[in-house]
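What follows is each chain in one-letter form.
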Amino acid sequence: MTTPPLPGRGDDDDDPDRPHAPDHPDEPVPPGWENPAVRADRRLVELLQELRVLQTGVQIVFAFLLGVAFTPRFSQLSDAQQDIYVATLLLTVVAAAVLATPVALHRGLFRHPAKARIVDVSARIAQLGLLLLATALTGAVLLVLDVILGTPAAVAVSAAIALIFAALWFVLPWAVRRATRERP
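Here is what the cut-offs are and how they apply
Residues numbered from 1 in each chain as written. Predicted model: local features only at pLDDT ≥ 70, side-chain atom pairs only at ≥ 80, totals over all residues. Heavy atoms only, no water. Helix = DSSP H or I, 4+ residues; strand = E, 2+ residues; numbered from the N terminus. Buried < 20%, exposed > 50% of the residue type's maximum accessible area, 1.4 Å probe, protein only. Contact = heavy atoms within 4.5 Å. Phe/Tyr/Trp six-rings, centres within 6.5 Å; stacked < 30°, edge-to-face > 60°. pLDDT = per-residue confidence, 0-100.

Colleague: Please give an account of the overall build of the protein that cites residues and values.
Modeller: The number of helices and strands found in the protein is four helices and zero strands. Reading the protein from its N end, one meets helices and strands in the order α-α-α-α. Each of the 184 residues in the protein was classed as buried or not, and the buried ones make up 29%. When contacts within the protein are restricted to residue pairs at least 6 apart in sequence, those whose partners lie at least 24 apart make up 66%.

Following this line, the structure appears as structure tokens:
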């Protein structure tokens, strides 16, 4: 009786060049192959490292927004600008909470046997956090440019910024994943 191959290393499970598990228990394990538990551990460590980088950005934006409210010029903002400010501040706080959730999940479920599921859930949560962060950053740009350049220019530039975030953070990874799956 042969054992079915287990998933190998990396996110490219369909990669024909990736080492596969041996078909028979007596065969040697190829270099670079990792069992599902080791793979889940590696993926979680990689995700948590990526989230550390994002958290720094969120903290910088949040600090900027907190400072803005205490400047003398803040009272001169229009009602619409103050609404943009409040929405951006709240988006930033929620982005921080969402991007920290995988860390809390990891701590709360430490040594839990379903680490692969924890990684999958955490990756989806991180995607939501990226969306919230992109929206918050776009809102910050909108607020600053509205004060400096006026509403029409601010809206145009902010729309372009939102498209850049969408293209780089969401469309590009999707396109690369799709192209990788379709290669011969």
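Colleague: Requested: an account of the environment of A69, with residues and values cited.
Modeller: Counting through the fold element by element, A69 comes out in helix α1 (residues 36-69). Overall, A69 belongs to the partly exposed group, its relative accessible area being 26%. With 13 residues separating them in the primary sequence, A69 and Q82 have C-alpha atoms 9.3 Å apart.

Colleague: Provide a residue-level description of the packing of aromatic side chains, including the pertinent values.
Modeller: Summed over all chains, the structure comprises two aromatic pairs. Between F74 and Y85, the ring centres sit 5.0 Å apart and the planes meet at 70 degrees, which makes this aromatic pair edge-to-face. Of the two residues, F74 sits in the loop between α1 and α2 (79-108) while Y85 sits in helix α2, which places them eleven residues apart along the sequence. You'll find F74 and Y85 in the same group, each marked buried.

Colleague: Which residues make up the confidence of the model for the protein, and what are the values?
Modeller: Residues at a pLDDT of 70 or more form 82% of the protein, whose mean pLDDT is 84. Mean pLDDT values for the elements of the protein range from 87 in α1 up to 95 in helix α4 (residues 151-182). Low pLDDT, under 50, characterises residues 1-16; the stretch is placed with 38 contacts to residues that sit more than four places away or in other chains.

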